[in-house]
Amino acid sequence: MDKYPGQKSAVQHLYPAIDPFDQRMLDVGDGHKLYVEQCGNPSGIPVIVLHGGPGGGCSPAMRRYFDPDVYRVVLFDQRGCGRSTPHASVENNTTWHLVADIEKIRETLEIDRFIVFGGSWGATLSLVYGISHPERVRNLVLRGVFMMTQAELDWFYGGGAGQFWPETWARFESLIPEEERGDLVGAYHRRLFSGDLREEVRFARAWSSWENALASVYSNGHGGEAPAEYARAFARLENHYFVNAGFLDEDGWILKNAGKLRGIPGVIVQGRYDMICPPRRAWELSRAWPEGELRMIRNAGHALSEPGISAELVRVMDQISMLESLPNRHEY
């Protein structure tokens, strides 16, 4: 996102770059191996970072939202993306596989409870994990809330966001014949899984570009052209999850089960002008989860790298570390 004017100012809010003290490939079964790394203080407060997408992978910048003297930061690439293998695979790749993978990582690293930090799809996965294993979550820190509902998919792939970005939407839509445009997720699915690698890459780049173009409030409407390997994994995995409604039991599952988060403190950091995940979902979540404090960031969109969002997330993690330093707090 640094190509957009002003975006480099986000870096000033982050901690200095650090290297992992532990890197490994973790076999989670089903033919999948996950890239897992740990950074910061090996004896610190554990926090696990859940990246977006699905299919986005983690990046070195994600290590920098946490004081390395205080936090033991766990990052991993979810099934099929980043450095995890097999690359771009959707076999045995569902939300429930990912929830089990988080548990496998927690057990392998001998962590009792941790802070769960996730944005966009990472926020979705954080919520599903928290609902499924509330006893393992110390705090939830969410950004750009996506609750995997049909209404959200309709907004982004049915023309809602396109009302604000008609020229960008036209490029995304124009690759699909008119008779198929009533279901763009399905139309792209057929092409992303056609078996023709050149066609898959072409449509993967278009899919990725549409989302990237709307990620920042500084956007000029052009999402750029992602590297073929990254775009194919990102688009295939994301589309696979969306075609299958996130593998949740019913539409609105997260909000209907939000009561299971009761007792877990958390913060929701939301860009006021998020075109990918409009703020209404974050607001609805905050009403259903009283311990979830909504912090709306003005002049910010969806991207993790938005200056206001980066600053607030670092502030949240610093505030949590200060609370943890008080007497009689839980020892990890």
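As the structure is a computational prediction, the values presented were derived from the model and not from experiment.

1. Things to note about the overall build of the chain
So, point 1. Summing up its helical and strand segments, the chain has 10 helices and 8 strands in all.
So, point 2. Radius of gyration (C-alpha) of the chain: 19 Å, near the 20 Å computed for a compact globule of 332 residues.
So, point 3. For the chain, the spread of C-alpha atoms along the principal axes amounts to about 65 × 45 × 40 Å.
So, point 4. Within the chain, residue pairs in contact and separated by at least 24 positions form 74% of the contacts whose partners lie at least 6 positions apart.
So, point 5. Element-wise, carbon and sulfur atoms account for 49% of the exposed surface of the chain, whose accessible area totals about 13800 Å².
So, point 6. Across the chain, 35 positive and 43 negative side-chain charges occur, with their mean positions spaced 2 Å apart.

2. Quick notes on the UniProt feature "domain: AB hydrolase-1" (unreviewed entry) in the chain
So, point 1. Per the UniProt entry, the sites bearing "domain: AB hydrolase-1" (unreviewed entry) are residues 46-304 in this numbering.
So, point 2. In the segment residues 46-304, helix accounts for 38% and strand for 14%; the C-alpha atoms at its two ends are 21 Å apart.

3. Quick word on the pairing of strand S2 (residues 32-40)
So, point 1. Most of S2 is tucked away, with 7 of its 9 residues classed as buried.
So, point 2. For strand S1 (residues 22-29) and S2, the ladder comprises 7 bridges, and the chain directions are antiparallel. Residue pairing across strands places Asp27 opposite Lys33, the latter belonging to S2.
So, point 3. Hairpin connection, S1 to S2: the antiparallel pair is bridged by 2 residues, and Asp30 has positive phi, about 60°.
So, point 4. Pairing analysis gives 5 bridges linking S2 to strand S4 (residues 71-76), with the strands arranged antiparallel. Bridge assignment links Val36 to a residue of S4, and that residue is Phe76.

About the criteria used
- Residues numbered from 1 in each chain as written.
- Predicted model: local features only at pLDDT ≥ 70, side-chain atom pairs only at ≥ 80, totals over all residues.
- Heavy atoms only, no water.
- Helix = DSSP H or I, 4+ residues; strand = E, 2+ residues; numbered from the N terminus.
- Rg over C-alpha atoms; globule rule 2.2 N^0.38 Å.
- Contact = heavy atoms within 4.5 Å.
- Areas by Shrake-Rupley, 256 points an atom, 1.4 Å probe, with all protein chains shown as cover.
- Lys, Arg positive; Asp, Glu negative; His and termini not counted.
- Charge placed at Lys NZ, Arg CZ, Asp CG, Glu CD.
- UniProt positions renumbered as here; feature names shortened; annotations may be inferred.
- Buried < 20%, exposed > 50% of the residue type's maximum accessible area, 1.4 Å probe, protein only.
- Pairing = 2+ DSSP bridges.

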